[in-house]
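Residue-level structure breakdown
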Amino acid sequence: MRARDLVQLVRAPAALSVPGDAVAGAAASGTLGGRTAGLAAASVCLYWAGMAANDWADRDLDAVERPERPIPSGRITPRAALGIAGGLTAAGLALAAVTGGRRALAVAVPLVGAIWAYDLKLKNTDAGPAGMAVCRGLDVLLGASTGRVSRALWPALVVASHTYTVTALSRREVHGGDRDVAGRTLVATAAIAAAPVLGRQRGLSALLGGWYAARYGGAQRRVLDDPSAGNVRASVGAGITALPALQGALTASAGSPVTGAVLAAVTPLARALARKVSPT
């Protein structure tokens, strides 16, 4: 197994969209600090586990639709992929336990259940987008788990709503989409971008939210013009790589403008790496 094959299996660069969940949650709950890094690392492990489990579960379908992926191309065996998914799941839970103790585990365990339920059962059903939205919402709450979790419900809902739109689009990235779906997700994106402005640091929150909307919304508008598979995949990729800007807006809105700006600054890097390794 080559390192590049592993990177492709877990969509490693796409994990740049993950630490911001924990940061936004911690900022909202008033616990942004040293332990946030450990909870963010746990989130990254669980994200990578979900990607590996996704490809393991989809190995037969990918043999037809995406034969270039690591498992159907023979570069990684199904058994190895399942082992990687299990190992990363264990690592994520361990990091959560060490960092946040029982309170973090009380969120991390349901998060693991939601990730595996999505990959094994929900993904190809009508409940798929909602299932993935629950995963990312819980990821935000994991960052808030050492403080007052209730304060992080709003950013969790915002990130979950964004995730719903990305997942709804992703279900059409192989065969192409339709303009109705892109239209609905575009309207939702506009509302999501405006959500952080309801908090503090409204100027910065509006700026970062606008950046998110321009990047992701622009890609969705291209789907409205031409709902081809290529444009849908580009829109999904934009939704993933633009997420740090939204997380930055939420973090600034919670009263941590510098951290929010640093989070949003990851967006160009995520976009550049997505050109080398597909985030979808």
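One can find the structure itself at the top, above this paragraph.
Now for a look at the structure at hand. Being a predicted model, the structure only gives us computed values, none of them experimental.

Calculation rules
- Residues numbered from 1 in each chain as written.
- Predicted model: local features only at pLDDT ≥ 70, side-chain atom pairs only at ≥ 80, totals over all residues.
- Heavy atoms only, no water.
- Helix = DSSP H or I, 4+ residues; strand = E, 2+ residues; numbered from the N terminus.
- Buried < 20%, exposed > 50% of the residue type's maximum accessible area, 1.4 Å probe, protein only.
- Contact = heavy atoms within 4.5 Å.
- Areas by Shrake-Rupley, 256 points an atom, 1.4 Å probe, with all protein chains shown as cover.
- Lys, Arg positive; Asp, Glu negative; His and termini not counted.
- Charge placed at Lys NZ, Arg CZ, Asp CG, Glu CD.
- Salt bridge = Lys/Arg side-chain N within 4 Å of Asp/Glu carboxyl O.
- Phe/Tyr/Trp six-rings, centres within 6.5 Å; stacked < 30°, edge-to-face > 60°.
- Lys NZ or Arg CZ within 6 Å of the ring centre and 35° of its normal.
- 1 Å grid on protein atoms, 1.4 Å probe; cavity = no way out; pocket = protein on both sides within 12 Å on 5 of 7 lines; lining within 4 Å.
- Points joined across faces, edges and corners; volume = space filled by probe spheres on them.
- Patch = residues over 30% accessible without salt bridge, like charges linked within 9 Å, V, L, I, M, F, W, Y side chains within 5 Å.
- Expected span 1.5 Å × (residues − 1).
- Arc of directions from axis to C-beta.
- Polar contact = N/O pair within 3.5 Å; in protein donor to acceptor, adjacent residues only side chain to side chain.
- Disulfide = S-S within 2.5 Å.

**Overview of the overall build of the protein**
- Across its full length, the protein holds 13 helices and 0 strands.
- Ordered by position from N to C terminus, the α and β elements of the protein give α-α-α-α-α-α-α-α-α-α-α-α-α.
- If one aligns the C-alpha atoms of the protein with their principal axes, the spans along those axes are about 50 × 45 × 30 Å.
- Burial status across the protein gives 53% buried among its 280 residues.
- A sequence separation of at least 24 residues applies to 76% of the contacts in the protein between residues at least 6 apart.
- Counting only carbon and sulfur atoms, one obtains 62% of the accessible surface of the protein, whose full area is about 11700 Å².
- Between the averaged position of the 29 positive side-chain charges in the protein and that of its 16 negative side-chain charges there is a distance of 10 Å.

**A few points about the pattern of salt bridges**
- Scanning the entire structure with this criterion turns up 8 salt bridges.
- In this structure, aspartate 58 and lysine 123 form a salt bridge, with 3.0 Å as the shortest nitrogen-oxygen distance. With aspartate 58 in the loop between helix 3 (34-57) and helix 4 (59-65) and lysine 123 in the loop between helix 5 (78-122) and helix 6 (128-143), this pair connects stretches of sequence that are 65 residues apart.
- Two residues, arginine 69 and aspartate 62, come together in a salt bridge whose shortest N-O distance is 3.1 Å. In this structure, arginine 69 and aspartate 62 share a single accessibility class: buried.
- Taken together, the shared-partner salt bridges connect Arg11, Asp55, Asp62 and Arg69 into one network.

**Describing the packing of aromatic side chains**
- Applying the stated criterion across every chain, the model contains 1 aromatic pair.
- With a centroid separation of 6.0 Å and an interplanar angle of 50°, the aromatic rings of tyrosine 212 and tyrosine 216 are classed as tilted. Residue tyrosine 212 and its partner tyrosine 216 are located together in helix 9 (residues 202-225), separated by 4 residues, close to a single helical turn. The same class applies to tyrosine 212 and to tyrosine 216, which are both buried.
- When the ring centre of tryptophan 56 is taken as origin, the NZ or CZ atom of arginine 59, which lies over that ring, is 4.5 Å away.

**What to know about the layout of surface pockets**
- Taken as a whole, the largest pocket encloses approximately 910 Å³ of empty space.
- In terms of lining residues, the largest pocket is bounded by 42 residues, among which Asn54, Tyr118, Lys123, Met132 and Ser170 are the most central.
- Secondary structure elements with two or more residues in the lining of the largest pocket: helix 3, helix 4, helix 5, helix 6, helix 7 (153-170) and helix 10 (229-241).
- Here the element with the most residues in the lining of the largest pocket is helix 3; it accounts for 6 residues.

**Topic: a nonpolar patch on the surface**
- A grouping of Trp154, Leu157 and Leu198 is seen on the molecular surface, where their side chains present a nonpolar patch of about 340 Å² in accessible area.
- We classify leucine 198 as exposed; its relative accessible area is 62%.

**Things to note about helix 9**
- With 24 residues, helix 9 should reach 34 Å at 1.5 Å per residue; the first-to-last C-alpha distance of 33 Å fits that figure.
- As for helix 9, its buried residues are in contact with helix 7, helix 8 (179-194), helix 10, helix 11 (243-253), helix 12 (257-264) and helix 13 (266-274).

**As for helix 8**
- Relative to the 22 Å expected for 16 residues at 1.5 Å per residue, helix 8 spans 23 Å between its end C-alpha atoms, a close match to the ideal helical length.
- For helix 8, the full list of buried residues reads Val181, Ala182, Thr185, Thr189, Ile192 and Ala193. End-on, the buried residues of helix 8 take up no more than an arc of 95°, which puts them together on one face. Opposite its buried face, helix 8 presents the exposed residues Asp180, Arg184, Val187 and Ala191, each directed more than 90 degrees away.
- Of the surrounding elements, those touching the buried residues of helix 8 are helix 7, helix 9 and helix 11.

**Examining the side chain of aspartate 58**
- The exposure class assigned to aspartate 58 is buried, which follows from its relative accessible area of 11%.
- A polar side-chain atom of aspartate 58 sits 3.0 Å from a polar atom in the side chain of lysine 123.
- Residues contacting aspartate 58, with those up to four places away along its chain left out, are Lys123 and Asn124.

**Thoughts on the environment of threonine 241**
- Topologically, threonine 241 is positioned in helix 10.
- Overall, threonine 241 belongs to the buried group, its relative accessible area being 4%.
- Put simply, threonine 241 and valine 266 are 25 residues apart on the chain and 8.7 Å apart in space, counted from C-alpha to C-alpha.
- Discounting chain neighbours no more than four positions away, the residues touching threonine 241 are Arg215, Thr267, Ala270, Arg271 and Ala274.

**What to know about the state of the cysteines**
- Using the criterion set out here, one finds 0 disulfides in the structure.
- Cysteine 45 takes part in no disulfide bond, and the closest cysteine sulfur to it belongs to cysteine 135, at a distance of 16 Å.
- Since its relative accessible area comes to 12%, cysteine 45 is described here as buried.

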